[in-house]
Amino acid sequence: MTEPLPPGGTWIGDEELVARWAHAWRPEQVAERLDGVGVPWCVAAGWALDLFRGERSRPHGDLEIAVPTAGFPEVRDRFAEYAFDAVGSGLVWPRAGADVLAATHQTWARDPASGQFLFDVFREPHDGGTWICRRDVRLRLPYDAIVERTPDGVPYLIPEIVLLFKAKAARPKDRADFEGVLPLLDATRREVLGEWLGLAHPGHPWLERLAG
């Protein structure tokens, strides 16, 4: 977030959230709608790790994609029939305006007819074609260095960055994701993830596992 959160957000309880995410889209559904878009985008979070694995390892409560902040309007235009609600600190702002978008980085696509949330858009900081890490702005990479594709062409965030974001909170599912993906990381990926973890989270317990 870059600005204080404005008033007007609505709290949605956990039980209602689970129900409203019950029909979240799969990566290929978003990829079909974004085919040919001029904005670099990719599947993020847990789904990205499963695309890297080549198989689904666990249930996913939602679907997250990442786009550069300036490219969000072009992505949003591909889903004109849906509403986009900003999210921050557990609050939701329906059909958020520019002030709320500037103060948050998550945006949930919602079917206005059913109220169901379909996918989550992370609006990421960037400098032109260079991605900037929200965890540590010293980490900057061109988009073509952080996005890989499945054999079917679905773009996904590289596992090194997905795990870097998961390291901060390290919930049980995040720790399970790390342990599940770790054997699939070659020496170069392990070294890179170790460098980034050391930069953003010095002393993190995963560093020892990566060195082992």
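Right above here is the structure, for reference.
Let me sum up the structure you'll find in this document. Everything quoted here is computed from the prediction, not taken from an experiment. Residue indices follow the written sequence of each chain, beginning from 1 at its first position. Per-residue local features of the predicted model are confined to residues with pLDDT of at least 70, and side-chain atom pairs are confined, for both listing and counting, to 80 or more; whole-chain, interface and lining totals are unaffected and use all residues. Water and hydrogen atoms play no part in the side-chain values, which are based on all heavy atoms of the structure.

### Notes on the pattern of salt bridges
- Salt bridges are defined as contacts in which a side-chain nitrogen from Lys or Arg sits within 4 Å of a carboxyl oxygen from Asp or Glu. Under the defined criterion, the tally for this structure stands at 14 salt bridges.
- Glu-28 is the partner of Arg-26 in a salt bridge, and the nearest nitrogen-oxygen pair spans 2.8 Å.
- Residue burial is assigned from relative accessible area. The probe radius is 1.4 Å, only protein chains are included, and a residue is buried under 20% of its type maximum, exposed over 50%, and partly exposed in between. Take Arg-26: its relative accessible area is 34%, and that puts it in the partly exposed class.
- For Glu-28, a relative accessible area of 41% puts it in the partly exposed group.
- Note that Asp-174 is salt-bridged to Lys-166, the shortest N-O span being 2.8 Å.

### Overview of empty space enclosed by the protein
- Here a cavity denotes grid points, spaced 1 Å and computed from the protein atoms alone, that fit a 1.4 Å probe unable to get out, and a pocket denotes an open set having protein on both sides within 12 Å along at least 5 of 7 lines; residues with an atom within 4 Å of a point are the lining. Grid points are joined across faces, edges and corners, and a volume is the space filled by probe spheres set on the points. All chains considered together, the criterion is met by 1 cavity of 30 Å³ or more.
- Considered as a void within the structure, the largest cavity measures approximately 40 Å³ in volume.
- In terms of lining, the largest cavity is formed by Pro-40, Cys-42, Ala-66, Val-67, Pro-68, Glu-124, Trp-131, Tyr-143, Ile-146 and Leu-157.
- Going along the chain from the N terminus, every DSSP run of H or I of four or more residues is numbered as a helix, and every run of E of two or more is numbered as a strand. If you list the elements that add at least two residues to the lining of the largest cavity, you get β3 (64-68) and α6 (143-146).
- Among the elements that line the lining of the largest cavity, the one with the most residues is β3, at 3 residues.
- Across the lining of the largest cavity, the residue classes tally to 9 nonpolar, no polar and 1 charged. Residues are grouped as follows: nonpolar covers Ala, Val, Leu, Ile, Met, Phe, Trp, Tyr, Cys and Pro; charged covers Asp, Glu, Lys and Arg; every other residue, Gly included, is treated as polar.

### Focus: the layout of surface pockets
- Estimated volume of the largest pocket: approximately 1200 Å³.
- Here the residues of the lining of the largest pocket are counted per class, giving 20 nonpolar, 8 polar and 13 charged.
- As a volume, the second largest pocket reaches approximately 270 Å³.
- Surrounding the second largest pocket, 13 residues form its lining, Arg-26, Glu-28, Leu-51, Thr-150 and Asp-152 being those nearest its centre.
- Counting only elements with at least two residues in the lining of the second largest pocket, the list comes to α2 (27-33) and α3 (45-53).
- Of the residues forming the lining of the second largest pocket, the biggest block, 3 residues, is contributed by α3.
- Grouping the amino acids of the lining of the second largest pocket by side-chain chemistry returns 5 nonpolar, 2 polar and 6 charged.

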